[in-house]
Amino acid sequence: MKKLKLFTSGIALCAATMAYANDDLIAQMEDPSQWAIQTGDYKNQRYSQLEQINAENVGDLQVAWTFSTGVLRGHEGSPLVIGDTMYVHTPFPNIVYALDLANEGKIIWKYEPKQDPDVIPVMCCDTVNRGVAYANGKIFLHQADTKVVALNAETGAVEWEAQNGDPAIGETNTATVLPIKDKVIVGISGGEFGVRGSVTAYNMETGEQEWRAYSMGPDSDILADPENTTHLGTPVGADSGTNTWEGDQWMIGGGTTWGWYSADMDENLFYYGTGNPSTWNPAQRPGDNRWSMTVMARDIDTGMAKWFYQMTPHDEWDYDGINEMILTEQEIDGEERKLLTHFDRNGLAYTMDRVSGELLVAEKYDPVVNWTTGVDMDPNSDTYGRPAVVAQYSTKQNGEDVNTTGICPAALGTKDQQPAAYSPKTEVFYVPTNHVCMDYEPFRVSYTAGQPYVGATLSMYPAPESHGGMGNFIAWDNINGEIKWSIPEKFSVWSGALATAGDIVFYGTLEGHLKAVHAETGEELYRFKTPSGIIGNVMTYESAGKQYIGILSGVGGWAGIGLAAGLTNPNDGLGAVGGYAALSDYTALGGQLTVFALPD
Amino acid sequence: MKTIHRIMALCLAAGLPMAALAEDPIDPKSYEVSYDEDGRYFTEDDVPTFKIADDGTVDWLTFSGFRRYHAECHVCHGPDGEGSTYAPAIKNSSVDLGYDEFVNVVVNGRNNGNSVMPGFGENRNVMCYLDDIYVYLKARGTDNLARGRPAKKEAKSDVIREDEDACMG
């Protein structure tokens, strides 16, 4: 009897702990004075209720304090604020600092992992890291070498470690993690190295692996149910992760998972996108290459797929589908629905029903997008949900060793990972975009484990016959599929946006400006030039009754590859070579956090 | 002369901008074509080199090097060998290192702390096109080839095609 009692109280304790893990983070996310998760909340809205800084007074904003990270590489992501502590991360070597906001930012602890520098060259496109996550008294760091580490939030002590992948075969990490319920869900990078993408859930308390869902492979690997997992309302059937591949090519099929994840606790689903199929040479991988380039809705507890939607079957342009899924509740056609909005690299913005996976809207969010005439929206059509490919811009139809010119957007997409924001107040999405086109020539490559597996040569240049710049910051109506306003930018906008209840939207530019614009009109209200180009995401928090805005500077990432030396348009002839602005004329490497506030 | 070269190589290794140093004029003998063999061109020291005709037509290897470079190397070293925010302008390395050391670094890699060049020795997409990439970058580094895609090229010779097929397997 006594034994039984002990046993039941043990269960009660277990349940309480498990509930606590999630309740703690949810409470922190609901408190606008905190910035508890990289994405603002589970919906990825990047919206703050704080309004001390608003459209009336943002012009008076001043730098309150700064912090050098000590690392000179591309700084993506943002700090977190939990209580009076700010957590700041860096690119490789992935240092984490805990700063005491109640004591002038004094360093409470610093964690620097030991990583083999051999991981650096297998990271495509700089050694960025998109930040740490928090839950249940722990800070979660997913290192470049794919080690997931849980640190004690108060002391920085390691509580557990899990090795998610193998850098020797090109598996690396750049993304943050999703702490949810009793799990930490993580992705993987390496699509340019023939890595087979996956998402993996680790137990939040122990670091034990609970499930893994690959992007392609047998049903038991991709955690799909032939009957109950659907694609646009139709069951996917058996072997959907292998039957659109030739032979065993799915084993090096790509579809990596390095974006921002969102979740709907009521539906018990989380959402993410998969990346490009490997290689970039479409002739070497005939078929639709499922489930690369796919929006995925999976059960949080089991990883089982509820629905898929493949946006770009048989990719021919490297239009990774990893960008974030932003969750909203809005009225569409007179009905209140649970929506998912996604700005894809392929230049189309999708609005979907996130419960059923029904496609509601698919429209271009940059008018220069030319590789497709649009998506077939007729449910009775054989090509329902497929984009109609324009033959002139099809690198597959033009074939190997042919240079296909003038494709818009370029491989970096109309938008890359830089996350958009959504304001429930205006029901508008604020989207940082690229305005870049390309020439693309695919050719034969051979696969070697741990070596680049690319197979195409690319030239990128600003969108022709436009404003000459390489970016726009746009306001998007996801119900009608329309741009409301658009701000031209000299360079790609590679910074995550922040919308606030103060009727303002913040974003950073590659030259290094932090900008604030009016949420209704896009009118610029404030700008400040930080020490280096911005590829980080704007965040906000409140401390001792004062609202602050924080942003990481530190140019790099994919933006730092082409833009550092300037892009050229080979079609303009030799006279124009070097005529486009080089980023190196505006900014240099850095690694700094700048925090703004209104004057006292 | 040799000392200057060494200093330049050191600066490159450290990722420092080359503009800080006085330009060392490049000896045309280091790239001028002395003879050709089955569509490949060589200097008098038997080092592979590029050939660019007056009308801009480039030899096959230079064109091929342009393509392979922009698949394998440009994600770090930037478009046209111009460098990025985190890797040096490799068009200069092809000139400053010389053929043997260039090959050595590409095959074996090197490690300068947080700046790491991987070894490509097992990568057929690089190894089968090592001379192509070298002569392309040398044409860029000696200012004989402008940025961007070469407009005109010589045809691929049968020998080059056979060698490529044998190498790629």
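Residues numbered from 1 in each chain as written. Chains lettered and ligands numbered in written order. Predicted model: local features only at pLDDT ≥ 70, side-chain atom pairs only at ≥ 80, totals over all residues. Heavy atoms only, no water.

- Under the annotation held in an unreviewed UniProt entry, chain A carries the name Methanol dehydrogenase and is attributed to Roseobacter cerasinus.
- Comment text from UniProt for chain A, heading Sequence similarities (unreviewed entry), reads "Belongs to the bacterial PQQ dehydrogenase family." (UniProt positions renumbered as here; feature names shortened; annotations may be inferred.)

Some details on the overall build of chain A
Then, in step 1: When its secondary structure is counted, chain A shows 4 helices and 40 strands.
Then, in step 2: In terms of overall size, chain A behaves like a compact globule, its C-alpha atoms giving a radius of gyration of 23 Å where 600 residues would be expected to give roughly 25 Å.
Then, in step 3: Within chain A, the proportion of its 600 residues that are buried is 67%.
Then, in step 4: Here chain A holds 36 positive side-chain charges and 77 negative ones, and the gap between their average locations is 5 Å. (Helix = DSSP H or I, 4+ residues; strand = E, 2+ residues; numbered from the N terminus. Rg over C-alpha atoms; globule rule 2.2 N^0.38 Å. Buried < 20%, exposed > 50% of the residue type's maximum accessible area, 1.4 Å probe, protein only. Lys, Arg positive; Asp, Glu negative; His and termini not counted. Charge placed at Lys NZ, Arg CZ, Asp CG, Glu CD.)

Side note on the overall build of chain B
Then, in step 1: When you go through chain B residue by residue, the secondary structure sums to 7 helices and 5 strands.
Then, in step 2: Put simply, chain B has 169 residues, and 49% of those count as buried.
Then, in step 3: Taking contacts inside chain B between residues at least 6 apart in sequence as the whole, the part at least 24 apart equals 55%.
Then, in step 4: With the model as given, the accessible surface of chain B reaches about 7,800 Å², and the carbon-plus-sulfur share is 51%. (Contact = heavy atoms within 4.5 Å. Areas by Shrake-Rupley, 256 points an atom, 1.4 Å probe, with all protein chains shown as cover.)

Considerations on a negative patch on the surface
Then, in step 1: A cluster of acidic side chains, namely D27, E32, D36, E37, D38, E44, D45 and D46 of chain B, defines a negative patch on the protein surface.
Then, in step 2: Tracing the chain through its elements places D38 of chain B in the loop between β1 (35-37) and β2 (40-42). (Patch = residues over 30% accessible without salt bridge, like charges linked within 9 Å, V, L, I, M, F, W, Y side chains within 5 Å. Salt bridge = Lys/Arg side-chain N within 4 Å of Asp/Glu carboxyl O.)

Regarding the UniProt feature "binding site: Ca(2+)" (unreviewed entry) in chain A
All names here are of chain A.
Then, in step 1: In the numbering adopted here, UniProt assigns the feature "binding site: Ca(2+)" (unreviewed entry) to E192, N276 and D318. Taken along the chain, the residues just named run across 127 residues; in space they keep tight, none of their C-alpha pairs more than 9.7 Å apart.
Then, in step 2: Within the secondary structure, E192 is located in the loop between β12 (183-186) and β13 (198-203).
Then, in step 3: E192 sits in the buried class, given a relative accessible area of 12%.
Then, in step 4: The topology assignment puts D318 in the loop between β20 (305-310) and β21 (325-332).

A look at the packing of helix α2 (residues 60-72) of chain B against helix α6 (residues 130-141) of chain B
Residues and elements named next belong to chain B.
Then, in step 1: The geometry of α2 relative to α6 is characterised by a closest axis approach of 7 Å and an angle of 100° between their N-to-C directions. Here α2 lies roughly perpendicular to α6, going by the angle between them. Residues L61, T62, S64, G65, F66, R68, Y69 and H70 of α2 touch α6, and the partners they reach there are D131, D132, I133, V135, Y136 and L137. (Axes fitted to C-alpha atoms, helices over the stretch in contact; angles between N-to-C directions. Parallel < 35°, antiparallel > 145°, perpendicular 65-115°, else oblique.)

A few points about the UniProt feature "active site" (unreviewed entry) in chain A
Residue and element names in this part refer to chain A.
Then, in step 1: Here the UniProt-annotated "active site" (unreviewed entry) positions come out as D318.
Then, in step 2: The contact partners of D318, leaving out residues within four places of it in the chain, are E192, N276, W280, M293, R345, A411, Y440 and W558.
Then, in step 3: Here the side chain of D318 touches W280 through a polar contact of 3.4 Å, side chain to side chain. (Polar contact = N/O pair within 3.5 Å; in protein donor to acceptor, adjacent residues only side chain to side chain.)

Quick word on the packing of helix α4 (residues 90-108) of chain B against α6 of chain B
All names here are of chain B.
Then, in step 1: Interhelical geometry of α4 versus α6 gives an angle of 160° and a closest axis separation of 8 Å. Taken together, the axes of α4 and α6 are roughly antiparallel relative to one another. Read as a crossing pair, α4 and α6 show a hand that is left-handed. Contact with α4, carried on its side by I90, K91, S94, V95, G98, Y99, F102, V103, V106 and V107, involves L130, D131, I133, Y134, L137, K138, R140 and G141 of α6 and no other residues of that element.
Then, in step 2: Considering only residue class, the contact of α4 with α6 consists of 11 nonpolar, 3 polar and 4 charged. (Left-handed = near helix turned anticlockwise from the far one by under 90°. Nonpolar A, V, L, I, M, F, W, Y, C, P; charged D, E, K, R; others polar.)

Overview of the pairing of strand β9 (residues 147-152) of chain A
All names here are of chain A.
Then, in step 1: Bridge analysis of strand β8 (residues 138-142) against β9 gives 5 bridges, and the strand direction is antiparallel. If you follow L141 over to β9, its bridge partner there is V149.
Then, in step 2: Remark: 4 residues form the turn of the hairpin made by β8 and β9, two consecutive strands paired antiparallel; T146 in that turn has positive phi of roughly 75°.
Then, in step 3: Where β9 lies against strand β10 (residues 158-163), 5 bridges are found, and the strand directions are antiparallel. If you follow A150 over to β10, its bridge partner there is W160.
Then, in step 4: In sequence, β9 turns back onto β10 through a hairpin of 5 residues, with G156 there showing a positive phi of about 80°. (Pairing = 2+ DSSP bridges.)

Brief notes about the sheet that holds strand β30 (residues 436-442) of chain A
Then, in step 1: With respect to topology, 3 strands assemble into an open sheet ordered β27-β30-β31 (chain A), the strand pairing being antiparallel. Only two strands of the sheet have a single partner each, and these edge strands are β27 (404-407) and β31 (456-462) of chain A. The sheet shows a mean angle of 20° between the axes of neighbouring strands, taken without regard to direction.
Then, in step 2: The strands touched by α2 of chain B are β30 and β31 of chain A; relative to β31 of chain A, the strand with the most contacts, the crossing angle is about 80°.

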